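Secondary and tertiary structure notes
One letter stands for each residue in the lines below.
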Amino acid sequence: MNPQPAFLLFTLLLCLSQFARPILGGRHNYAEALSKSILFFEGQRSGYLPRNQRLSWRSNSALHDGKLQGIDLVGGYYDAGDNVKFGLPMAFTVTMLSWSVMEYRRQMAAHGELRHAMEAIKWGTDYFIKAHPQPYVLYGEVGDGDTDHYCWQRPEDMTSSRFAYRTDANRPGSDLAGETAAAMAAASLVFHHSDPHYANELLIHAKQLFEFADTYRGKYDNSITVARKYYQSVSGYADELLWAAAWLYRATKSSDYLDYLANNGDALGGTTWSMTQFGWDVKYAGVQVLVSKFLMEGASPKHVEVFRRYQGNAEKFMCSCLGKSGGGGRNVRRTPGGLLYLQHWNNLQFVTSASFLLSIYSDLLSSSRSSLRCSSGAVAHPAELLLFAKSQVDYILGDNPRGTSYMVGYGMNYPRHVHHRASSIVSTKVDPTFVSCRGGYSTWFSKKSGNPNLLVGAVVGGPDAYDNFIDDRSNYEQTEPATYNNAPLLGVLARLSGGINGAPKYQHLLPGPVPISVTQVVTKSWIAKGRAYHRYWVFIHNRTRRPAKNIRLSIGKLYGPIWGLTKVGSVYKLKTRSQTLRPGQVVHIAYIQAAGPAIIKVSSYQPA
């Protein structure tokens, strides 16, 4: 391939940018992403919508929830793309929203989003107050997944069951009550200064719910069996009991809750379980990070040894995410594009939650002037944790092999066929014609066009283990959003919006200019025999002020031929008349494969 003048190739790059998907992107506008990720929660609201509702295509819905049981359960959030109100993931969502605000309130306020974030929290806690009418009664679900999924309707039209399910002393749900206690305690801290009366009301509920969870122990999905198919409590309730105690200590500073954490650490798993995931079901990593914070703050000298064991498990989680676990340690799998990968269905929920914990722990290490030491012997400085969290967020926002933003409305290339009932059916304000239960499937679900309503800020399930993604409404494992995807992301986006240069000591860890850069773009994709194929163009750019010669490339995960290179032993060289790139010159190569991008790096070159 003959070298082309730099300006011609730059022109080609500009043309390609109209339809190609860049693998390596530039700096992201985290403040914009933060604003949009908060706005998403307005699309999930149930009940009477306020006058300041910004997603104007939504209307009031589910206005009789709880009526059959003689209780007002209007309000709260729909969990994902359906119209059910599931209590466990809703409570986790509110806990994580509250934790995000507590840690990064200043950054949210700087971008004018603090009020919106607090409104999102209060929309949840107002509902939980209604759902907890007596000390030992907690309603944990309105509607059920089976009848709801049989229909494809706007929430404004829904005709599916709105039966309300509860836990009580005879039908306990310690995981549900524990998580709701954590949400109320965490939210009380958010409103402590702005609305102390409301904060105190939340704290009263939190204490009662924790007592309910601890006194009458049992898994909530044994009492609310209709939840088991959709939000089964696989981890049980032990982690939620510790989680609630940790948040109640943070809210009250009562040593009783520290004692509970210390005395029950072994029995309930806080000191014995090291996890590689954190989410609506498994809370251990979150508990362990909170207890690490208490330890670093010197909260309870008499419990130091026990709390160090909590911290040891918190650090195992961090090391597994960073890929630094050694020996018998478990490193979290990554896609070829570098995304943490734990499961095929809604994997991004674990990416956003892990990124949040990495950001929090990075700040904890910075404040204590310490570093992370992994069982492999590897050391990670605080900035490394934050930079890795940033890489995961950047992937979600578009720096990935497909160049797809997995946040709806952010960037130019984002999912248009989101698996979401309200978003996929025309707004009642545009066409109030009733959409029937099954009619929604034939009229709207099967439409090939994109959703008529933009669910701004929604983070969908995301790509598969090989960075592949199919934007199809029926592909719910990849295109369905969820509130618990967004909630922890708020905190990370707020943190990143404030910059990552806060620790000058670790400035050398930040990425610097690359002399010879390699940028890949996907220029075409197609399906053949059930496999997704991609054509990749690779641009090699001499960014130095001197000519570069004898450029050698190392390539991994390449499963076919590559045009424009010649293999020399274990490396590749440019197939050009001259082996020298002038300053600013760009050459391009290409390959096709049914997988994510190959790993292409400059292994060596010589300044001419």
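Definitions and limits used
Residues numbered from 1 in each chain as written. Predicted model: local features only at pLDDT ≥ 70, side-chain atom pairs only at ≥ 80, totals over all residues. Heavy atoms only, no water. 1 Å grid on protein atoms, 1.4 Å probe; cavity = no way out; pocket = protein on both sides within 12 Å on 5 of 7 lines; lining within 4 Å. Points joined across faces, edges and corners; volume = space filled by probe spheres on them. Helix = DSSP H or I, 4+ residues; strand = E, 2+ residues; numbered from the N terminus. Salt bridge = Lys/Arg side-chain N within 4 Å of Asp/Glu carboxyl O. Buried < 20%, exposed > 50% of the residue type's maximum accessible area, 1.4 Å probe, protein only. Contact = heavy atoms within 4.5 Å. Core = buried A, V, L, I, M, F, W, Y, C linked by side-chain atoms within 4.5 Å. Axes fitted to C-alpha atoms, helices over the stretch in contact; angles between N-to-C directions. Parallel < 35°, antiparallel > 145°, perpendicular 65-115°, else oblique. Left-handed = near helix turned anticlockwise from the far one by under 90°. Nonpolar A, V, L, I, M, F, W, Y, C, P; charged D, E, K, R; others polar. Expected span 1.5 Å × (residues − 1). Pairing = 2+ DSSP bridges. pLDDT = per-residue confidence, 0-100. Lys, Arg positive; Asp, Glu negative; His and termini not counted. Polar contact = N/O pair within 3.5 Å; in protein donor to acceptor, adjacent residues only side chain to side chain.

**Digging into empty space enclosed by the protein**
A full pass over the atoms with the stated rule returns four cavities of 30 Å³ or more. Looking at the largest cavity, its volume works out to about 60 Å³. In this structure, the largest cavity is lined by 13 residues; those nearest its centre are G87, Y127, F128, Y139 and G140. Those elements giving two or more residues to the lining of the largest cavity turn out to be strand 2 (85–86), helix 3 (87–110), helix 4 (114–131), strand 3 (138–142) and helix 6 (174–190).

**Some details on the pattern of salt bridges**
When the charged atoms of two side chains lie near each other, side chains of opposite charge can form a pair. Evaluated as defined, the whole model comprises 25 salt bridges. Its salt-bridge partner being R162, residue D65 comes within 2.9 Å of it at the nearest N-O pair. Placement of the pair is D65 in the loop between helix 2 (30–43) and strand 2 and R162 in the loop between helix 5 (145–150) and strand 4 (164–167), with a sequence separation of 97 residues. Relative accessible area serves as the criterion here: at 2%, D65 is assigned to the buried category. Residue classification places R162 among the buried residues on the basis of a relative accessible area of 16%. For E240, the salt bridge is made with K283, and the minimal N-O distance between the two is 2.8 Å.

**Side note on the environment of V379**
Mapped onto the elements of the fold, V379 is located in strand 6 (residues 379–380). Looking at V379, the relative accessible area reads 32%, which means it is partly exposed. A C-alpha to C-alpha distance of 30 Å links V379 and R250, two positions 129 residues apart in sequence. What V379 contacts, discounting residues up to four positions off in sequence, is K324, S371, L372, R373 and E384.

**Topic: the nonpolar core**
By size, the foremost hydrophobic cluster in this structure holds 151 residues, and its most contacted members are W99, L261 and L372. Counting residues per element, this core draws most heavily on helix 3, at 12 residues. What L261 contacts, discounting residues up to four positions off in sequence, is L242, A245, A246, V287, V291, F294, F307 and Y310. Grouped together as the second largest cluster of nonpolar side chains are 21 residues, I516, V538, A548 and I589 included.

**Thoughts on the packing of helix 3 against helix 15 (residues 348–367)**
Following both chains from N to C, one finds helix 3 and helix 15 inclined at 30°, their axes separated by 12 Å at the closest point. Accordingly, the angle class assigned to the pair helix 3 and helix 15 is roughly parallel. Of the two elements, helix 3 crosses helix 15, and the hand of that crossing is left-handed. Along its contact with helix 3, which presents M96, W99, S100, E103 and Y104, the element helix 15 presents F356, L357, S359, I360 and D363. Residues that form the contact of helix 3 with helix 15 fall into these classes: six nonpolar, two polar and two charged.

**A closer look at the layout of surface pockets**
Here the second largest pocket defines a volume of roughly 870 Å³. Every residue lining the second largest pocket is counted, 38 residues in all, and those nearest its centre are Y230, Y231, W280, W345 and Y484. At the level of secondary structure, the elements contributing two or more residues to the lining of the second largest pocket comprise helix 9 (228–231), helix 15, helix 18 (439–445) and helix 19 (476–479). Looking at which element gives the most residues to the lining of the second largest pocket, the answer is helix 9, with four residues. Partitioning the lining of the second largest pocket into residue classes produces 19 nonpolar, 11 polar and eight charged.

**A look at helix 13 (residues 284–296)**
Relative to the 18 Å expected for 13 residues at 1.5 Å per residue, helix 13 spans 18 Å between its end C-alpha atoms, a close match to the ideal helical length. Along helix 13, 12 of the 13 residues are buried, which leaves the element largely enclosed by surrounding structure. Every buried residue of helix 13 is listed here: Y284, A285, G286, V287, Q288, V289, L290, V291, S292, K293, F294 and L295. The secondary structure elements touched by the buried residues of helix 13 are helix 3, helix 10 (238–252), helix 11 (255–263), helix 12 (265–268), helix 14 (304–322) and helix 15. Positive backbone phi, at 70°, marks G298, one or two positions downstream of helix 13.

**Let's talk about the sheet that holds strand 3**
The sheet built from three strands is open, its strands ordered 2-3-4 with antiparallel pairing. The sheet is open, and its two borders are formed by strand 2 and strand 4, each paired with just one other strand. Pairing of strand 2 with strand 3, which is carried by two bridges, proceeds in the antiparallel orientation. Paired with K85 across the bridge in strand 3 is V142.

**Some points on the confidence of the model for the chain**
In this model, the chain carries an average pLDDT of 91, and 93% of its residues clear a pLDDT of 70 or more. Across residues 1–26 the pLDDT falls below 50, and counting only partners more than four positions away or on other chains, this stretch makes 60 contacts in the model.

**Things to note about the side chain of E480**
Positionally, E480 belongs in the loop between helix 19 and helix 20 (483–497). For the buried E480, no salt bridge is present, and the opposite-charge side chain at shortest range is R421, 5.6 Å distant. Here the side chain of E480 touches G81 through a polar contact of 2.9 Å, landing on its backbone nitrogen. In contact with E480, not counting residues within four places along its chain, are A80, G81, D82, H419, V459, V460 and G461.

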